[in-house]
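Each chain, letter by letter, is given below.
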Amino acid sequence: MYNRAMPGRTTTSAAKVGILGALYFAEGLPFGFQATALPVLLRSSGISLTAIGWAYALSLPWMLKILWAPLVDRFGPRRFGRRRAWIVPNLTCLAAAALAAAALEPGTAWVPLLALVFAMNLAAATLDIAVDGLAVDLLEPRELGYGNIAQVVGYKLGMLTGGGLLLWASAWVGWRGLFASMAALIGLVLVIALTGTPEAARPISAGTSTLREVVGRLAAALRAPGAVWLLVFIGTYKLGETMADAMFRPFLVDLGFRESEIGWWIGTWGMGCSLAGSFAGGVLASHAPRLTAVGIAAAARILPLAAQWGLALAETPARGLVVAVTSAEHFFGGALTTAMFAYMMGRVDRRIGATHYTLLATVEVLGKNPAAWISGALADRWGYAGVFGLAVALSVAYLGLLLPARLSERRPGARPAAG
């Protein structure tokens, strides 16, 4: 592997992880703003809850990015870098959109702001395709665990910064300062992309001759032995956890927790535990076969989910116990996410790394989201205990998919994930 900026010099694992972490951090900034800061700003200006709900549709590019992922794999000049040719322009668009938002009139120019947020999501989603492709190209099998620490932790830190820290700082720097700070942070990452982004010099990174060939290879990957089990395995790993997470905050409200307490224990300590868990999951995936790492993390994740069920069954659970269970759930959930992402990255066809990984990532998102959608209706019907109990049952049942997933890797023509 070689760094285009310094031909002939080997790119170290630490350098690759650092660069990938910075790129994923930039992706997380606009999504964190949209998910956390934007609803607060809209509601503070008197915008209706219905309109705020529809504002979440601005993240649609993240769900549709598979439609243009083949273009990212197909096009890109090798001289500049096939991945960097997409990374640099999209970082530039992100920074430009943030600067444009800083120039808007605070609290009144909502339509232009929402349009800019959509543009940032489009640029960030396209950037994600290219960065995922870069990660697939650069990371050796032994590096996938640590590489996906960069992915998960970098993105979460970006979300925390864009949706938490900058919103907190806006009390002093204002609306314009919030977006100017976001643009400055993206600008720093852009400098890294221009001067230090490595590109693998292996044949698998050379690109394919036609767009049809990219699509053809993706179709072949979907027809390969074990492909259906792979999609089911990825699409169902967070069903129970997502269902429980969606109802846990309302559960805390009904227990009598104040909003500030929920923000502190879930938003601050919870995120800290999630980051620690993400790091632990990456270390685990670096020292054990990746499917084994997923199995260990998935089994451990059942414990805090069962504890949440126990909290719902108890009449008046102790506050300290609630905080401990919350912290454990975030830790083991973060560990499972990183282990699964490392497993996914190990299963792609590297010749179409950006497209294939984007497909798997789309299945991951589409697989877990419906559980959150129906969790409220189930809670109204069965109560919190019923939802948390179902979450435990789904998580236990998921362990049954480990055997067919392992067998699918051993079929002729299947791509193993161990390593």
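What counts and how
- Residues numbered from 1 in each chain as written.
- Predicted model: local features only at pLDDT ≥ 70, side-chain atom pairs only at ≥ 80, totals over all residues.
- Heavy atoms only, no water.
- Helix = DSSP H or I, 4+ residues; strand = E, 2+ residues; numbered from the N terminus.
- Contact = heavy atoms within 4.5 Å.
- Buried < 20%, exposed > 50% of the residue type's maximum accessible area, 1.4 Å probe, protein only.
- Polar contact = N/O pair within 3.5 Å; in protein donor to acceptor, adjacent residues only side chain to side chain.
- Salt bridge = Lys/Arg side-chain N within 4 Å of Asp/Glu carboxyl O.
- Phe/Tyr/Trp six-rings, centres within 6.5 Å; stacked < 30°, edge-to-face > 60°.
- pLDDT = per-residue confidence, 0-100.
- Axes fitted to C-alpha atoms, helices over the stretch in contact; angles between N-to-C directions.
- Parallel < 35°, antiparallel > 145°, perpendicular 65-115°, else oblique.
- Nonpolar A, V, L, I, M, F, W, Y, C, P; charged D, E, K, R; others polar.
- Left-handed = near helix turned anticlockwise from the far one by under 90°.

Chemist: Is there a simple way to explain the side chain of Gln308 in this structure?
Modeler: Mapping Gln308 onto the fold places it in helix α12 (residues 290-313). Setting aside chain neighbours within four positions, we find Gln308 in contact with Ala244, Phe248, Val325, Glu329 and Phe388.

Chemist: Sorry if this is basic, but what is going on with the side chain of Arg83 here?
Modeler: Relative to the helices and strands, Arg83 resides in the loop between α4 (69-74) and α5 (84-102). Overall, the relative accessible area of 0% leaves Arg83 in the buried class. A distance of 3.0 Å separates the side chain of Arg83 from the side chain of Asp137, its partner in a polar contact.

Chemist: Sorry if this is basic, but what is going on with the environment of Arg301 here?
Modeler: Structurally, Arg301 is set in helix α12. Among the residues examined, Arg301 registers a relative accessible area of 1% and is labelled buried. Along the backbone, Arg301 and Glu329 are 28 residues apart, and their C-alpha atoms lie at a distance of 6.9 Å. Looking at Arg301, its side chain comes within polar contact range of the side chain of Glu241, at 3.1 Å.

Chemist: Help me understand the pattern of salt bridges in this model?
Modeler: Proximity of charged atoms lets side chains of opposite charge pair with each other. This structure, assessed with the given rule, holds seven salt bridges. Measuring nitrogen to oxygen at the nearest pair gives 3.0 Å for the salt bridge that ties Arg83 to Asp137. Taken together, the positions of Arg83 in the loop between α4 and α5 and Asp137 in helix α6 (residues 110-138) put the pair 54 residues apart, joining distant regions of the chain. Overall, the relative accessible area of 2% leaves Asp137 in the buried class. Between Arg142 and Glu143 there is a salt bridge whose closest N-O contact spans 3.9 Å. Taking relative accessible area as the criterion, Glu143 reaches 5% and is therefore assigned buried. Here the salt bridges share partners, and the residues they tie into one network are Lys16, Arg142 and Glu143.

Chemist: Hey, could you run me through the packing of aromatic side chains in this one?
Modeler: The geometry of two aromatic rings is summed up by the distance between their centres and the angle between their planes. Considering all chains together, one arrives at 12 aromatic pairs under this definition. Taking 6.1 Å as the distance between ring centres and 50 degrees as the angle between the ring planes, the aromatic pair formed by Phe248 and Phe388 counts as tilted. Placement of Phe248 in helix α10 (residues 239-255) and of Phe388 in helix α14 (residues 353-398) is noted, with a sequence separation of 140 residues between them. Between Phe251 and Tyr384, the ring centres sit 5.3 Å apart and the planes meet at 70 degrees, which makes this aromatic pair edge-to-face. With Phe251 in helix α10 and Tyr384 in helix α14, this pair connects stretches of sequence that are 133 residues apart. Look at Tyr384 and you get partly exposed, because its relative accessible area is 21%.

Chemist: Whenever I open this one, the confidence of the model for the chain confuses me. Can you help?
Modeler: The predicted coordinates should not be examined in detail at positions where pLDDT is low. Per-residue pLDDT for the chain has a mean of 83; in total, 88% of the residues score no lower than 70. Strand β1 (residues 2-3) is the least confidently modelled element of the chain, averaging 35 in pLDDT, while α12 averages 95, the highest of any element. With pLDDT under 50 throughout, residues 1-10 is counted as low confidence; its partners more than four residues away or in other chains account for 26 contacts. Here residues 201-207 is modelled with pLDDT under 50, and outside its nearest four sequence neighbours on either side it reaches 17 contacts, counting other chains as well.

Chemist: Teacher, can you tell me more about the packing of helix α9 (residues 227-235) against α14 here?
Modeler: Relative orientation of the contacting elements α9 and α14 amounts to 45 degrees, with a least axis distance of 6 Å. Comparing the axis directions of α9 and α14 gives the class oblique. Only Leu360, Val363, Glu364, Gly367, Lys368 and Tyr398 of α14 make contact with α9, whose side of the interface consists of Leu230, Leu231, Phe233, Ile234 and Gly235. When grouped by side-chain class, the residues that make up the contact of α9 with α14 number seven nonpolar, two polar and two charged.

Chemist: Could you clarify how one ought to interpret the packing of α6 against helix α7 (residues 144-196) in this entry?
Modeler: Packed helix pairs are specified by the crossing angle of their axes together with the interaxial distance, meaning the distance between the axes. For the pair α6 and α7, interaxial distance at closest approach is 15 Å and the crossing angle is 155 degrees. The angle between α6 and α7 falls in the class roughly antiparallel. α6 and α7 meet at a crossing whose hand is right-handed. Facing α6, whose interface residues are Trp110, Leu113, Met120 and Asp132, α7 presents Gln151, Trp175, Phe179 and Met182. Taken together, the residues that form the contact of α6 with α7 break down as six nonpolar, one polar and one charged.

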